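Tertiary structure, described
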Amino acid sequence: MVEETFEAPTPKEAFALARSKYGSFSDLRLLKARQMIGRDGRLMAEITVAVPQSDYLASIGIDEEAQLMEEISHLREGIERMKRLSEGDARQATPASEKVLNLLEGKGLRKEWLQVQLEPMLGTSVAEDEELLLSYLLEEIDEGLKIQREDLSRSRVMMMVGPTGVGKTTTIAKMAARFSYMLERDYRVALINLDTYRAGAFEQLDNFARLLGLEHRHARSVEEFSDFLEELADYDVVLVDTAGISPFDTGRLVRTVEFLKSIKDREISTNLVISATAKYEDIQEIYEHFSFINIESVIVTKFDETKRVGDLIAFLTQKHLPVSYISTGQQVPDDLEPATKERILEQFLGEIDA
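Reading the values: rules and limits
Residues numbered from 1 in each chain as written. Predicted model: local features only at pLDDT ≥ 70, side-chain atom pairs only at ≥ 80, totals over all residues. Heavy atoms only, no water. Axes fitted to C-alpha atoms, helices over the stretch in contact; angles between N-to-C directions. Helix = DSSP H or I, 4+ residues; strand = E, 2+ residues; numbered from the N terminus. Parallel < 35°, antiparallel > 145°, perpendicular 65-115°, else oblique. Left-handed = near helix turned anticlockwise from the far one by under 90°. Contact = heavy atoms within 4.5 Å. Nonpolar A, V, L, I, M, F, W, Y, C, P; charged D, E, K, R; others polar. 1 Å grid on protein atoms, 1.4 Å probe; cavity = no way out; pocket = protein on both sides within 12 Å on 5 of 7 lines; lining within 4 Å. Points joined across faces, edges and corners; volume = space filled by probe spheres on them. Pairing = 2+ DSSP bridges. Core = buried A, V, L, I, M, F, W, Y, C linked by side-chain atoms within 4.5 Å. Buried < 20%, exposed > 50% of the residue type's maximum accessible area, 1.4 Å probe, protein only.

What follows is about the packing of helix H11 (residues 280–290) against helix H12 (residues 310–319). The packing of two helices is summarised by the inter-axis angle and the distance between the axes. It is the contact of H11 with H12, at a shortest axis distance of 8 Å, that shows an interaxial angle of 40°. Here H11 is positioned oblique relative to H12, judged by the angle of their axes. Here the hand of the crossing between H11 and H12 comes out right-handed. Contact residues: Tyr280, Ile283, Gln284 and Tyr287 in H11; Asp311, Leu312, Ala314, Phe315, Gln318 and Lys319 in H12. For the contact of H11 with H12, the residue count by class is 6 nonpolar, 2 polar and 2 charged.

Written out as structure tokens, the structure reads:
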């Protein structure tokens, strides 16, 4: 079940709003009701109802069955590919190709991906030469990495999503400082916080906003979020912080989706924030959790905390997701840089040299 909140002048009107949205669903349940002071200073009623997850997703335009069928299709394709590889050119592997494969697999690259890249070279002279084969695969990695260039030529709303503990709020602070006074001109930057779960989430960013003299709003509802975006329409960049979401926290995820789906007249770019220290399986699980949100780019944090970025590279090359920024420490704003292939590969090649 998914919890959703409705506000109106009276509890009866609030429940009528819930009924109008989920009138065709018999499983609508009232969980709690309370009185509150609205933004205009008037007394308001707030109710919280619970509905089945499938009904909630349907109400915001997401077809759960279609999504499941797409995942099954991808799974079948993966199984067929692995079957072809195991039955095909495995017997043609050379000592050089086995050594290179083991080297790169040991650095975190997926064996399946490596076998696909090796396939065209098996049976050729390249597969007999360790150095040539390694160079070929590194070129394939280079081509597989995608970079999203920094572009502030038009007004942008950038929302950060990701799991708890990856540093979304600190990254937003770095981006705000960078855009405000570190580029060729000073951009007008505003901040919106959607995190109503973590204690102190608003205050942490608010202290920074006051220091730089930035507008900072706390949107507690979809309506407030829409109003704030309209009020901040003249700003060059609006950075949106969201609640950290674990792969098992469906309620927070659908709440974030609701914020995104509610905005029809403004383009919002969604940026997935992930840690360079995460294992491949964890990154994959995080991506699958957020993938239907339409991720525009990846922002990599904690890049300075590991020399083993093979898992990260394996994920990025397989999903073809562009990287926009890399966070390399805790210093605001210095430890944030636009992503480049050279920077990512430098870290990876350092592993190999070692």
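Let us keep going from here.
The next point concerns empty space enclosed by the protein. A full pass over the atoms with the stated rule returns 2 cavities of 30 Å³ or more. Its volume calculated, the second largest cavity comes out at about 40 Å³. In this structure, the second largest cavity is lined by Gln148, Arg149, Glu150, Asp151, Arg156, Met158, Asn271, Ser324 and Tyr325. Elements with a minimum of two residues in the lining of the second largest cavity: strand S5 (156–161) and strand S11 (322–327). When the residues that make up the lining of the second largest cavity are grouped by side-chain class, the tally is 2 nonpolar, 3 polar and 4 charged.

On to the sheet that holds strand S2 (residues 29–37), then. In space, the 3 strands of this open sheet follow the order S1-S3-S2, with antiparallel pairing throughout. One side of each edge strand has no neighbouring strand; the edge strands of this open sheet are strand S1 (2–8) and S2. Pairs of neighbouring strands in the sheet enclose a mean axial angle of 20°, with direction left out of account. Two strands pair when backbone bridges link them, and S1 and strand S3 (residues 43–51) are joined in this way by 7 bridges, in the antiparallel orientation. By the bridge assignment for S3, Glu3 is matched with Ala50. Where helix H1 (residues 11–22) meets the sheet, its contacts fall on S1, S2 and S3, and the angle it forms with S1 comes to roughly 130°.

Time to look at the nonpolar core. Counting residues in each nonpolar core, the largest one holds 62 residues, and the members touching the most others are Leu109, Ile192 and Phe225. If we skip the residues at most four places from it in the chain, Leu109 touches Leu104, Leu114, Ile141, Gly310, Ile313, Ala314 and Phe348.

Across residues other than glycine, the phi torsion is negative in most instances, and most of the peptide bonds are trans. Positive phi, normally seen in glycine, also occurs at Lys302, with a value near 60°. Positionally, Lys302 belongs in the loop between strand S10 (297–301) and H12. A relative accessible area of 25% places Lys302 in the partly exposed class. Residue His320 is not a glycine yet carries a positive backbone phi of 55°.

Counting through the fold element by element, Ala190 comes out in strand S6 (residues 189–193). Assessed through its relative accessible area of 0%, Ala190 is described here as buried. Taking the C-alpha atoms as reference, Ala190 lies 8.3 Å from Arg217; in sequence the two are 27 residues apart. Apart from the residues within four sequence positions on either side, Ala190 is in contact with Glu215, Leu232, Tyr235, Val237, Val238 and Leu239.

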